[in-house]
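# Per-entry structural report
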Amino acid sequence: MKLTVVGCSGSFPSAGSACSSYLVEADGFRLLLDMGNGALGELQRHVGLYDLDAIFLSHLHADHCIDMCAYFVVRYYPHGGGHLVPLPVYGPDGTEQRLTTAHADTPSDHAMGEVFDFHTLKPGSFEIGPFSVRTEKLRHPVETFGIRVEHGGSALTYSGDTGTCEALDELAEGADLFLCEASFVHGKEDIPDLHLNGRQAGELAARAGVGRLVLTHIPPWTDSGRNLSDAREVFDGPSELAVPGAVYEI
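We now turn to the structure provided with this report. Residue positions are counted from 1 within each chain, in the order its sequence is given. Totals for whole chains, interfaces and linings use all residues, but because this is a predicted model, local features are given only for residues with pLDDT of at least 70 and pairs of side-chain atoms are given and counted only at 80 or more. Each side-chain value is worked out from all heavy atoms of the structure, with water and hydrogens disregarded.

Secondary structure follows DSSP: runs of H or I at least 4 residues long count as helices, runs of E at least 2 residues long count as strands, and numbering of each begins at the N terminus. When its secondary structure is counted, the protein shows 8 helices and 14 strands. Overall size of the protein, expressed as C-alpha extent along the three principal axes, is 55 × 35 × 30 Å. Relative to its 250 residues, the protein shows a buried fraction of 53%. By definition, residues are in contact when any of their heavy atoms lie within 4.5 Å. For the protein, the share of sequence-separated contacts (at least 6 apart) that also reach a separation of at least 24 residues comes to 60%. Where accessible areas are quoted, they stem from the Shrake-Rupley method and a 1.4 Å probe; at the residue level, only the protein chains shown are allowed to cover. When the accessible area of the protein is evaluated, it comes to approximately 10,200 Å², of which 47% is carbon and sulfur surface. Taken together, the 16 basic and 35 acidic charged side chains of the protein have centroids lying 4 Å from each other. Here's how the labels work: a residue is buried when its accessible area is under 20% of the maximum for its type, exposed when over 50%, partly exposed in between, all with a 1.4 Å probe on protein chains only. His is not counted, nor are the chain ends, whereas Lys and Arg count as positive and Asp and Glu as negative. Charged side chains are reduced to one point each, which is NZ for Lys, CZ for Arg, CG for Asp and CD for Glu.

A word on the sheet that holds strand β2 (residues 21-26). An order of β6-β5-β4-β3-β2-β1-β14 is seen for the 7 strands of this open sheet, with the pairing classed as mixed. For this open sheet the edge positions go to β6 (116-120) and β14 (247-249), each flanked by a neighbour on one side alone. Each strand of the sheet is rotated relative to its neighbour by a mean of 20°, with strand direction disregarded. In the packing of helix α3 (residues 68-76) onto the sheet, contacts are made with β4 (54-56), β5 (87-91) and β6, and the angle to β6 comes to roughly 140°. Only when DSSP finds a minimum of two bridges between them are two strands counted as paired. Note on method: axes are straight lines fitted to C-alpha atoms, helices fitted across the in-contact stretch only, with angles between N-to-C directions ranging 0 to 180 degrees.

A few words now on the environment of E203. Its place among the elements puts E203 in helix α7 (residues 198-208). For the pair formed by E203 and L228, sequence separation is 25 residues and the distance between their alpha carbons is 12 Å.

On to unusual backbone geometry. At S11, a position not held by glycine, the phi torsion is positive, near 75°. Residues other than glycine seldom take positive phi values, yet D27 does so here, at roughly 55°. Structurally, D27 can be placed in the loop between β2 and β3 (29-33).

A word on the pairing of strand β9 (residues 145-151). Buried residues dominate β9, accounting for 6 of its 7 residues. Both strand β8 (residues 131-137) and β9 contribute to a ladder of 6 bridges, which runs antiparallel. Bridging across to β9, K137 finds its partner in F145. Relative to strand β10 (residues 154-158), β9 runs antiparallel, the two sharing 5 bridges. Following the sheet pairing, V149 is matched in β10 by L156. Between the end of β9 and the start of β10, which pair antiparallel, lie 2 residues, with G152 showing a positive phi angle near 60°.

Further remarks concern the sheet that holds strand β7 (residues 124-128). Ordered by their spatial adjacency, 7 strands build an open sheet running β7-β8-β9-β10-β11-β12-β13, and the pairing between neighbours is mixed. The two strands at the open ends of the sheet, each matched to only one other strand, are β7 and β13 (239-241). When the angles between neighbouring strand axes are averaged without regard to direction, this sheet yields 20°. Taken together, the 3 bridges between strand β12 (residues 213-216) and β13 define a ladder with parallel strand orientation.

Next up on the list: the packing of aromatic side chains. Any Phe, Tyr or Trp ring, taking Trp's six-membered ring, that has another such ring centre within 6.5 Å forms a pair; planes under 30 degrees apart are called stacked, those over 60 apart edge-to-face, and the others tilted. In the structure shown here, the tally under the stated rule is 8 aromatic pairs. Ring geometry for F12 and W221: centres 5.2 Å apart, planes at 65°, overall edge-to-face. Of this pair, F12 sits in the loop between β1 (2-7) and β2 while W221 sits in the loop between β12 and α8 (224-234); the two residues are 209 residues apart in sequence, bridging distant segments of the chain. Of the residues examined, F12 reaches a relative accessible area of 33% and is grouped as partly exposed. Classification of W221 by relative accessible area gives exposed; the value is 62%. Within the aromatic cluster, the residues linked to one another by ring pairs are Y71, F116 and F118.

One finds L33, F56, F131 and L156 to be the most contacted residues of the largest nonpolar core, which totals 29 residues. Mapped onto this core, the elements with two or more residues apiece are β1, β2, β3, β4, β8, β9, β10 and β11 (177-181). Residue contacts for L33: discarding those within four places in its chain leaves S21, Y22, V24, F56, I147, L156 and Y158. L23, M68, Y71 and L87 belong to the second-largest nonpolar core, a separate cluster that totals 24 residues. Buried Ala, Val, Leu, Ile, Met, Phe, Trp, Tyr and Cys residues form a nonpolar core when they are joined through side-chain atoms within 4.5 Å.

For α7, the full list of buried residues reads G198, A201, G202, L204, A205 and A208. Down the axis of α7, the sector holding all buried residues measures 160°, keeping them to one side. As for α7, its buried residues are in contact with α6 (166-172), β11, β12 and α8. The opening residue of α7, the one whose side-chain oxygen lies 3.0 Å from the backbone nitrogen of R199, is N197. It is the directions from the helix axis to the C-beta atoms whose arc is reported. Here a polar contact is taken to be a pair of N or O atoms separated by no more than 3.5 Å, where protein atoms must pair a possible hydrogen donor with a possible acceptor and residues adjacent in sequence count only if both atoms sit in side chains.

In structure tokens:
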């Protein structure tokens, strides 16, 4: 598998990064994990507008899904005309309605469904193209799913947004790469069931025995270096900060 960081800023775009969006590729299949603020522009640095094969939306906060409204325009009015096959989109219950409301002026109440083939996420295992995936419901103020993506004997786990929970430990168990949010600062913010801090991400990586930890979803006002240092105090394996354009072979 090949993982490309499209955007990794938390809560709102930074001067140097769009919000959460990660491209996973294998066997010519392209799966996008989230499409937050600014992600559609950055995505075009890596693939063509019509080259995606499926999209996974971890939850319906704007910094993880709002550029789907712009992508709707791209696919509803394709360059050169013609008709595009609806693109599979896996998201929480109510994804179609939320995106329709956010767009505000779709040609009809069903226009989103003409462009995207919506699948409602539930905990469990299934296939997306060549990938075997497992999703679990995590802890966040809205319905949120983490995902484990496996292909060719390798595994990638993406946390989405979450507080500490056993389900995320299970998704991360033995993963070759763990893409984990670290929005909060250890000793500063402590709000249950909202976000992780760098130390918690490191502790989770150590418990799960992951091969590599990549911290992401760090808001622009947070000291990312501090969060990485906190993670490294408790996790001995390779660890780093997600940066736009970074590519990992898994």
